[in-house]
Amino acid sequence: VMATHISTIPALIEALRKIVTFNAATALRYQAHGAARIFSTHPDRFADVGVKDYKDAPTMRRVRLAVSPILTEGVEDLQNGFGDWRTILETDSDAVLNVPVRTTSGEAVGQLNLMGRSGDFPPDIRDRIQGIVNQAADCFIETAGQEPVPCR
């Protein structure tokens, strides 16, 4: 029986590792003008605190509007799409899958970014990843007037 709800981001990462290989992952919770960094498998390389502004992150803006994951593959495309492309390459990754996180009502609440190798994220796997990521939507929701759920 597949779980329909994933309550922590580490549990989400574990669920994804069962279906896809990746080298690093980060998670962002959307806010009005940007996104809060809430999780990183490599906090020494990719921050897991602070806020990323939409103005400085065109890819993040695109993912927020996307219905399905956006895949960037190859060094040249990484250079064009990511300011931290060198750091991404240092994880032995030349592909990034940016996955929008949506609630059951369809609201975009955040995104999960998976770094891996070109060819690791074929279309059928991207669809499965999207389904699993949406099961963790609660981890990406900041409720008004209360501390966000600690999803670490």
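Refer to the structure presented above.
Here's a quick rundown of the structure.

This part covers the pattern of salt bridges. Any two side chains of opposite charge can pair if their charged atoms end up close together. Throughout the structure, instances matching the rule amount to four salt bridges. A salt bridge links Arg45 to Glu90; the nearest nitrogen and oxygen atoms lie 4.0 Å apart. Pair noted here: Arg45 is in the loop between β2 (34-40) and β3 (51-53) and Glu90 is in helix α4 (residues 85-90), with a separation of 45 residues, a long-range link. The shortest N-O distance in the salt bridge between Arg117 and Asp94 comes to 3.8 Å. With Arg117 in the loop between β6 (108-116) and α5 (123-134) and Asp94 in the loop between α4 and β5 (95-102), this pair connects stretches of sequence that are 23 residues apart. The class of Arg117 is partly exposed, set by a relative accessible area of 36%.

So, on to the side chain of Arg29. Note that Arg29 resides in strand β1 (residues 24-30). Only 3.4 Å separates the side chain of Arg29 from the backbone oxygen of Phe140, close enough to count as a polar contact.

Core analysis: the largest hydrophobic core is formed by 29 residues, its most contacted members being Leu12, Leu16, Leu112, Leu114, Ile129 and Phe140. The set of elements that each furnish at least two residues to this core consists of α1 (9-17), β1, β2, β5, β6 and α5. Among residues more than four places away in sequence, those in contact with Phe140 are Ile9, Leu12, Ala27, Leu28, Arg29, Ile38, Val101, Val109, Gly110 and Gln111. If you look at the next biggest cluster of nonpolar residues, it comprises ten residues, including Leu28, Tyr54, Ala57 and Ala66.

Rules used throughout
- Residues numbered from 1 in each chain as written.
- Predicted model: local features only at pLDDT ≥ 70, side-chain atom pairs only at ≥ 80, totals over all residues.
- Heavy atoms only, no water.
- Salt bridge = Lys/Arg side-chain N within 4 Å of Asp/Glu carboxyl O.
- Helix = DSSP H or I, 4+ residues; strand = E, 2+ residues; numbered from the N terminus.
- Buried < 20%, exposed > 50% of the residue type's maximum accessible area, 1.4 Å probe, protein only.
- Polar contact = N/O pair within 3.5 Å; in protein donor to acceptor, adjacent residues only side chain to side chain.
- Core = buried A, V, L, I, M, F, W, Y, C linked by side-chain atoms within 4.5 Å.
- Contact = heavy atoms within 4.5 Å.

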